[in-house]
Amino acid sequence: MARWGWISRALPLALATVSVPMNGSAASAQNAATAPAATPPMGWNPYNVFDLDYGEAEVMAQADLLVKLRLADLGYRYVNVDDGWWLKREGGTIHVRTSIYPSARLADGTTSLRPFVDRLHAMGLKAGIYTDIGRNSCSQRFRPNTPNLPEGSVIQREIGTYGHHDADAVLLFARWGFDFIKVDACGVADFAADVPEVRDGKFRAFPPLIARERPNASDAAELARQYAGFADAVRRAVPGRQPLISICAWGQADVNDWAHRYGQMWRTSFDINAKWDTMLANFDSAASRALFAGPGRWNDPDMLEVGNGDFDGEHLVAARAHMAMWAILAAPLILGNDLRRLTPGLTDVIANRAVIAINQDQAGNQGVVVSRDGDGQVVAKALATPGHKGVALINRGRKPMTLSTGLADLGLSPTAPSTIRDAWTGGAVRAVNGRITVALAPQETALLVVEGQPLERGVSLPADMPARFHVADTGYKAPDRTPMRQWVLAQIGFRPYGEPLMLDGRQDHAGIGVAAGSRVAIDLARRYRKVTLDPRSLSDQRGRFVILGDGKVLRQGTATRTAQPLSLNVRNVRRIELLAPPAAEGTTSFAWHSLRFER
Ligand code: GLA
């Protein structure tokens with residue numbers, strides 16, 4: 001009875017999800033060309049290079065260059081204002097700081113960013129703005145000396161959108177015409193009653209919804225509710241238009257579990273800076289989450305630092321590596337440098353068509369980590385044509401190395417003919433005995449386009465279609481995890497704590513390691529005939545697993561070390577769901593081994 005109890009409890013839950021519309025669902029994948037953010041958004045944002053010390057003149061100078069240098073033609077279209085544009089909130093409305101946005105001063109004494117937005121639109125660009133889901137912004141708490149902080153009384157300085165969702169959505173989208181908004185979260189993280197500036201009466205207290213680096217102490221449900229409220233207000237303000245919402249909650253409070261419902265991209269880490277190691281940490285925060293991304297829902301490791309610090313014109317090898325890593329992840333490509341200081345070398349880094357094409361590939365698959373050995377890492381991104389992959393071979397370290405990967409590990413036939421070229425130079429690369437080997441300088445990434453054949457004709461593996469996966473917000477939650485890297489609910493080829501997923505003594509690149517009790521849905525869109533998998537558990541997990549097809553039980557059973565591979569008839573099935581056995585004493589994870597999808 002107890003065993004079945006779990007299944008019948010799980011079933012209504014699973015059934016309930018079938019009809020829940022999700023961003024990036026089968027419908028939006030099919031509709032890739034028309035869905036909002038069908039491919040990762042591209043554009044420019046001032047924060048990395050200007051911090052908060054910029055205004056309309058600087059932004060317009062960059063916008064001009066996006067057009068003149070034809071960067072806009074390559075896709076860099078969103079010109080996004082960050083923190084610092086506001087003066088105060090009065091009578092419920094936000095007033096613009098006209099000393100730095102002079103075009104916002106209207107004859108009747110009010111302020112409006114409509115002229116600014118109209119100019120960007122007239123240039124063929126899109127306009128992005130910034131707010132905070134709480135009452136106050138990050139700069140108010142962390143940049144007391146910046147020149148552009150809100151002014152006035154405690155209440156007038158509450159320029160965040162908390163309690164003003166509808167009014168702000170109407171102002172920013174219906175009246176001013178913005179196309180994009182970054183919604184930051186310091187207002188719900190950093191204004192607790194015991195913060196000195198709050199105690200001193202400078203700000204009202206906001207009981208934190210985000211406890212930084214402590215997911216279990218955060219109120220993820222309430223945070224999600226706030227973002228949901230904002231997204232609803234935007235929908236009401238401009239029905240049918242769907243401006244992009246970029247959720248800036250830094251990978252905290254289980255943001256990966258819920259952000260896809262309320263935004264098209266979400267930060268997976270704290271702020272990037274122009275240092276190599278920070279860039280790597282931000283890369284890692286997104287790289288382990290390939291199963292959470294797809295058309296209309298992108299992991300965001302933060303804006304690019306190409307052109308700045310460790311990635312400036314004197315460090316083109318590192319600049320190319322950073323760009324290649326964001327490209328392979330299907331990360332949003334938001335430039336964060338001063339385009340007035342671009343050198344020809346840096347222009348080549350941000351404007352390489354083959355590199356951008358990997359990032360913008362219409363299938364919307366994020367690159368999947370194939371291997372990591374010391375400083376060597378291989379990441380492969382399935383492109384829309386079966387058998388075609390972008391492959392990044394990354395030297396994370398400060399010494400030269402030789403790095404190699406087998407075509408079979410990329411899910412490609414080691415014997416069928418393949419064409420391999422270097423995305424940066426177009427130069428040909430050869431596989432020898434089914435392996436690609438490159439010599440890499442310190443901090444160098446080789447970015448290749450491999451046009452090969454699938455390992456088996458007519459068969460897709462998980463790494464060929466991560467955009468079809470949807471990881472549900474259930475399952476075992478590690479008590480000691482940090483949200484950035486240490487525990488990921490579902491990964492291809494790795495267990496949730498990051499160890500390689502092994503089967504018969506080899507890494508199972510076709511398996512997914514998941515949290516016990518998790519639910520992973522896969523959009524098949526009636527395109528597949530048969531799914532095969534091997535339910536052998538890693539950890540002597542004895543609980544029962546369930547596999548649903550469009551809400552009906554296709555198979556259930558007990559995972560044991562000797563269980564036979566399963567073969568499921570999925571003709572006409574739109575979505576299957578894999579329900580892992582619940583956590584039991586000592587078992588926190590489960591593995592769906594050797595998944596194959598036959599057409
Ligand atoms: C936060 C965000 C940054 C930037 C600053 C502005 O730190 O994560 O990207 O927007 O606020 O103050």
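Above this note sits the structure.
An account of the accompanying structure is given in this report. Bear in mind that the values here come from a model prediction, so they are computed numbers and not experimental data. (Residues numbered from 1 in each chain as written. Predicted model: local features only at pLDDT ≥ 70, side-chain atom pairs only at ≥ 80, totals over all residues. Heavy atoms only, no water.)

## Examining the site of the ligand
- Near the ligand, the surroundings consist of Tyr47, Asp82, Asp83, Tyr130, Cys138, Ser139, Lys182, Asp184, Cys248, Trp250, Arg267 and Asp271.
- One of the side-chain nitrogen or oxygen atoms of Asp83 is found 2.8 Å away from an oxygen atom of the ligand.
- In this structure, an oxygen atom belonging to the ligand sits 3.0 Å away from a side-chain N or O atom of Asp184.
- Taking 310 Å² as the accessible area of the ligand by itself, protein coverage stands at 94%. (Near = heavy atom within 4 Å. Polar contact = N/O pair within 3.5 Å; in protein donor to acceptor, adjacent residues only side chain to side chain. Areas by Shrake-Rupley, 256 points an atom, 1.4 Å probe, with all protein chains shown as cover.)

## Structural notes on the pattern of salt bridges
- By the definition in use, this model includes 30 salt bridges.
- Its salt-bridge partner being Asp302, residue Arg267 comes within 3.4 Å of it at the nearest N-O pair. Taken as a pair, Arg267 in strand β8 (residues 265-267) and Asp302 in the loop between β9 (298-300) and α12 (316-328) lie far apart in primary sequence, 35 residues in all. A single burial state applies to Arg267 and to Asp302, both of which are buried.
- Across the pair Lys530 and Glu598 runs a salt bridge whose closest N-O atoms are separated by 3.9 Å. Here the residue Lys530 occupies a position in strand β26 (residues 530-534), and Glu598 occupies one in strand β31 (residues 589-598), the gap between them amounting to 68 residues. (Salt bridge = Lys/Arg side-chain N within 4 Å of Asp/Glu carboxyl O. Helix = DSSP H or I, 4+ residues; strand = E, 2+ residues; numbered from the N terminus. Buried < 20%, exposed > 50% of the residue type's maximum accessible area, 1.4 Å probe, protein only.)

## Structural notes on the sheet that holds strand β20 (residues 469-471)
- Spatially, 5 strands are ordered β20-β25-β30-β27-β28 in an open sheet, and the strand pairing comes out antiparallel. For this open sheet the edge positions go to β20 and β28 (552-558), each flanked by a neighbour on one side alone. The average angle at which neighbouring strand axes cross in this sheet is 15 degrees, direction not considered.
- Sheet topology places strand β27 (residues 544-549) next to strand β30 (residues 575-579); 4 bridges connect them, and they run antiparallel. Bridge pairing in β30 links Ile547 to Leu578. (Pairing = 2+ DSSP bridges. Axes fitted to C-alpha atoms, helices over the stretch in contact; angles between N-to-C directions.)

## Let's talk about the packing of helix α4 (residues 56-68) against helix α5 (residues 114-122)
- Running from N to C, α4 and α5 cross one another at 10 degrees; their axes reach a closest spacing of 11 Å. Looking at the two axes, α4 sits roughly parallel to α5. Residues Glu56, Val59, Met60 and Ala63 of α4 lie in contact with α5, whose contacting residues are Phe116, Arg119 and Leu120.
- Grouping the amino acids of the contact of α4 with α5 by side-chain chemistry returns 5 nonpolar, no polar and 2 charged. (Parallel < 35°, antiparallel > 145°, perpendicular 65-115°, else oblique. Contact = heavy atoms within 4.5 Å. Nonpolar A, V, L, I, M, F, W, Y, C, P; charged D, E, K, R; others polar.)

## Quick look at empty space enclosed by the protein
- If you walk through the whole model with that rule in mind, you get 3 cavities of 30 Å³ or more.
- The computed volume of the second largest cavity comes to approximately 110 Å³.
- Contributing to the lining of the second largest cavity are 14 residues, with Asn45, Phe180, Lys182, Ser246 and Met303 lying nearest its centre.
- Looking at the lining of the second largest cavity, the elements that each hand over two or more residues are β6 (180-184) and β8.
- Classifying every residue of the lining of the second largest cavity gives 6 nonpolar, 3 polar and 5 charged. (1 Å grid on protein atoms, 1.4 Å probe; cavity = no way out; pocket = protein on both sides within 12 Å on 5 of 7 lines; lining within 4 Å. Points joined across faces, edges and corners; volume = space filled by probe spheres on them.)

## Focus: the nonpolar core
- Core analysis: the largest hydrophobic core is formed by 116 residues, its most contacted members being Tyr76, Trp85 and Tyr101.
- Looking at this core, the element that brings in the most residues is helix α9 (residues 220-237), giving 10 residues.
- Ignoring anything within four residues of it in the chain, the contact list for Trp85 reads Ile94, Val96, Arg97, Tyr101, Leu113, Ile129, Tyr130, Leu172 and Trp176.
- Counting 37 residues, the second-largest nonpolar core is a separate cluster that includes Leu291, Phe292, Ala559 and Val570. (Core = buried A, V, L, I, M, F, W, Y, C linked by side-chain atoms within 4.5 Å.)

## Side note on the side chain of Asp338
- By secondary structure assignment, the location of Asp338 is in the loop between β10 (333-335) and α13 (344-350).
- For Asp338, a relative accessible area of 7% translates into the label buried.
- A polar contact of 2.8 Å, which involves the side chain of Asp338, links it to the side chain of Gln62.
- Reaching out from Asp338, the side chain makes a polar contact with the backbone nitrogen of Arg340 at a distance of 3.0 Å.

## A closer look at the pairing of β6
- For β6, the buried fraction is high: 5 of the 5 residues fall into the buried class.
- Across 5 bridges, the pairing between strand β5 (residues 126-132) and β6 is parallel. Across the sheet, residue Ile129 finds its bridge partner in β6, namely Ile181.
- Pairing geometry for β6 and strand β7 (residues 244-248), over 5 bridges, is parallel.

## Things to note about the packing of aromatic side chains
- Enumeration over the complete set of coordinates arrives at 19 aromatic pairs.
- Ring geometry for Trp85 and Trp86: centres 5.1 Å apart, planes at 35 degrees, overall tilted. Taken individually, Trp85 and Trp86 each receive the classification buried, so the pair is uniform in this respect.
- Over the ring of Trp250 we find Arg212; its NZ or CZ atom is 4.2 Å from the centre of that ring. (Phe/Tyr/Trp six-rings, centres within 6.5 Å; stacked < 30°, edge-to-face > 60°. Lys NZ or Arg CZ within 6 Å of the ring centre and 35° of its normal.)

## Overview of the pairing of strand β12 (residues 376-382)
- The buried fraction of β12 amounts to 7 of the 7 residues, a majority that puts the element mostly inside the structure.
- The two faces of β12 match: Gly376, Val378, Ala380 and Ala382 on one face and Gln377, Val379 and Lys381 on the other face are all buried.
- Both strand β11 (residues 368-373) and β12 contribute to a ladder of 5 bridges, which runs antiparallel. When the bridges of β12 are listed, Arg372 appears paired with Gln377.
- Where β11 folds back on β12, the antiparallel hairpin that results is connected by 2 residues, among which Gly374 adopts a positive phi of roughly 60 degrees.

## Digging into unusual backbone geometry
- Positive phi, normally seen in glycine, also occurs at Arg70, with a value near 65 degrees.
- Looking at the element boundaries, Arg70 is found in the loop between α4 and β2 (78-80).
- Despite not being glycine, Ala525 has its phi angle at roughly 50 degrees, a positive value.
- Structurally, Ala525 is set in the loop between β25 (519-523) and β26.

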